[in-house]
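Structural characterization, general
This is what each chain is made of:
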Amino acid sequence: MLEEELERQTCEPVKERRRKNFKDNNIAASITPPDASPFTINSISFSENGYHLLAPDSPSSVAIWDLSKMKTAHTISLGEGFKVNKVLYDYSAQYLGVVGSEGIHVFAHKLWDELVRFEEAGDVSDIVFGEQGKEICKDKHTNLSKNAGGRT
């Protein structure tokens with residue numbers, strides 16, 4: 001998986017995502033978004049159990065891929081002006097975070113409800129979840145003092 005993640009972090013436009021079979025070093029499957037147009041994928045994240053892949057499917061939206069079915073489980077549009085910088089599942093796979101040019105969005109995994117949004121954060125390049133998603137930190141680990149469930 002590390003090899004695949006590093007492959008996605010190159011600066012070349014990507015039209016599809018591939019899953020590699022490491023036993024014989026061949027491509028086991030590839031995932032191509034519908035109406036794919038080239039763009040750079042700068043971040044991916046796997047759910048804790050490895051069944052889901054979170055990745056941008058355009059510069060301003062993300063897709064959750066069901067890797068057992070090799071298709072999109074859900075797509076989340078973040079608005080035309082939003083540019084995705086990083087996506088991340090928390091370790092419990094209850095939450096997924098998306099940071100970009102217009103702040104931070106945290107969603108409930110499998111429910112897809114937006115739980116919290118930090119637009120005042122501005123252009124954000126990184127996000128880290130604390131233990132069990134109870135804290136969210138951005139960039140230089142500046143604590144935002146809200147947990148992913150929206151409770152302070």
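Preceding this paragraph is the structure being described.
Keep in mind the model is a prediction, meaning the values are calculated, not measured.

1. Some remarks on the pattern of salt bridges
Between side chains of opposite charge, a pair can form as their charged atoms come close. Under the counting rule described, the total for this entry stands at three salt bridges. Across the pair R117 and E119 runs a salt bridge whose closest N-O atoms are separated by 3.0 Å. Overlapping salt bridges bring together E114, R117 and E119 as one network.

2. With respect to the environment of D90
As for its position among the elements, D90 is in the loop between β7 (84-89) and β8 (95-100). Setting aside residues no more than four positions away along its own chain, D90 makes contact with Y95, F129, Q132 and G133. Among the polar contacts listed, one links the side chain of D90 to the side chain of S92, at a separation of 2.4 Å. Within polar-contact distance, the side chain of D90 engages the backbone nitrogen of Q94 at 3.0 Å.

3. A few points about the sheet that holds strand β3 (residues 45-46)
Ordered by their spatial adjacency, four strands build an open sheet running β3-β4-β5-β6, and the pairing between neighbours is antiparallel. A strand with exactly one partner marks an edge of an open sheet, and here the two such strands are β3 and β6 (71-77). Two strands pair when backbone bridges link them, and strand β4 (residues 52-58) and strand β5 (residues 61-66) are joined in this way by six bridges, in the antiparallel orientation. Note that in β5 the partner of S58 across the bridge is S61.

4. Digging into the side chain of S60
For S60, the location among the structural elements is in the loop between β4 and β5. With residues up to four places along the chain from it excluded, the contact list for S60 reads S77, L78, G79, E80, F82 and V84.

5. Some details on unusual backbone geometry
For K110, which is not a glycine, the phi torsion comes out positive at approximately 75°. On the basis of relative accessible area, K110 is assigned to the exposed category, the value being 55%. Located in the positive-phi region is W112, a residue other than glycine, with phi close to 65°. Tracing the sequence through the fold places W112 in the loop between β9 (103-108) and β10 (114-118).

How each quantity is defined
- Residues numbered from 1 in each chain as written.
- Predicted model: local features only at pLDDT ≥ 70, side-chain atom pairs only at ≥ 80, totals over all residues.
- Heavy atoms only, no water.
- Salt bridge = Lys/Arg side-chain N within 4 Å of Asp/Glu carboxyl O.
- Helix = DSSP H or I, 4+ residues; strand = E, 2+ residues; numbered from the N terminus.
- Contact = heavy atoms within 4.5 Å.
- Polar contact = N/O pair within 3.5 Å; in protein donor to acceptor, adjacent residues only side chain to side chain.
- Pairing = 2+ DSSP bridges.
- Buried < 20%, exposed > 50% of the residue type's maximum accessible area, 1.4 Å probe, protein only.

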